[in-house]
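Reading the structure
In case you want the letters, here they are:
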Amino acid sequence: MIAPWWLFGLVFALAWLLTGALRRYALARNVIDVPNARSSHKTPTPRGGGISFVVAFVAGMLAMGAGGFVAWSVVCGVAVAGAWIALIGFLDDHGHIQARWRLLAHFIGAGWGLYWMGGVPALSIGGLPLEAGWLLNIAAAFYLVWLLNLYNFMDGIDGLASVEAICVTVGASVLYFLTGAGDAGLAPMLLAAAVLGFLIWNFPPAKIFMGDGGSGFLGLTLGILSLKAGWQAPELFWAWTILLGVFIVDATLTLLRRLIRGEKVYEAHRTHAYQYASRKWGSHVSVTLTVLAINVLWLFPMACLVALGKMDGSLGMAVAYAPLVIAALRLKAGVREPASA
């Protein structure tokens, strides 16, 4: 089914206009991210702009559902769960919600999304089948909550989280087209259009940050869409995990190293590989564009091999992640900063 392409333009324009309005609102209400010793930026900057692409995407999904272009189960699973997480993040941006209540809300959102996606599809690792069941669904809930939180961790320099989301969604849409499942790419492309409208304001030097509402929304939404891809074809789920490789590798490796040292992982820090890289290179834009290049020149071709059945999914993910792990280690991901830093 051919979607009305003007709708993507409207979603892009709506996100762009709303971001500008949210910037004025944040300045008026003093919703400002003030730099501190753990920040990667130096200038006080409005935050909470990610709500713009949340609103634009949800509105677009409702229009897609009403027009019969996207199944209502997808609209309910993706848009409602994402909006719920965005609301929690928005409230946290404007005040403070205790970590345990945020985590509970995250699992509620993950459970809602899994319910409307029909749970976890049957997958295989190295040719060994993993039948869908309660244990796999619990693992999927933790997978979604981890993606939600890691996206928040990785939203630390200008434009990075936005560029990553656009690379993943556009890449996935192309894979759907190549595998004859073009309609499945409508929701990811709609999300790409919404985030692009925000990126105009967020590209280095950023005029506004997306905030926890936007980053959490992206993490959960991309996770739900990746599981939905598994119902289309198991290979497509693995392709999505490959496309998300930069964020998954950096955040997971950093978390593991901090856990081993016994640090409080929920406390702010700046020891991710991308944060070390931004300080080493003295530039946010250099890191953001490097991530763009990695996605286009390395991860997307690897995802293509898996999606087209040229390589086993779990093997393809391992091969795709290997150089990312090496790069993250070389950049000292998770290594404690010197006291003088």
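Residues numbered from 1 in each chain as written. Predicted model: local features only at pLDDT ≥ 70, side-chain atom pairs only at ≥ 80, totals over all residues. Heavy atoms only, no water.

1. Considerations on the side chain of H284
The topology assignment puts H284 in helix 12 (residues 284-307). For H284, a relative accessible area of 16% puts it in the buried group. In contact with H284, not counting residues within four places along its chain, are S40, H41, I157, D158, P204 and S278. (Helix = DSSP H or I, 4+ residues; strand = E, 2+ residues; numbered from the N terminus. Buried < 20%, exposed > 50% of the residue type's maximum accessible area, 1.4 Å probe, protein only. Contact = heavy atoms within 4.5 Å.)

2. What about the packing of aromatic side chains?
As enumerated under the stated definition, the model contains 11 aromatic pairs in all. On the numbers, 5.8 Å between centres and 50° between planes, the contact of W112 with W116 is tilted. Taken together, the residues W112 and W116, both in helix 4 (residues 99-117) and four residues apart, mark about one turn of the helix. Here W116 falls in the partly exposed class, since its relative accessible area comes to 30%. When the centroid spacing of 5.9 Å and the interplanar angle of 65° are considered together, the rings of Y143 and F237 count as edge-to-face. Of this pair, Y143 sits in helix 5 (residues 134-154) while F237 is found in helix 9 (residues 234-243), placing the two residues 94 residues apart along the sequence. Accessibility assignment for this pair places Y143 and F237 in one class, buried. (Phe/Tyr/Trp six-rings, centres within 6.5 Å; stacked < 30°, edge-to-face > 60°.)

So yeah, pure geometry; function would need other evidence.
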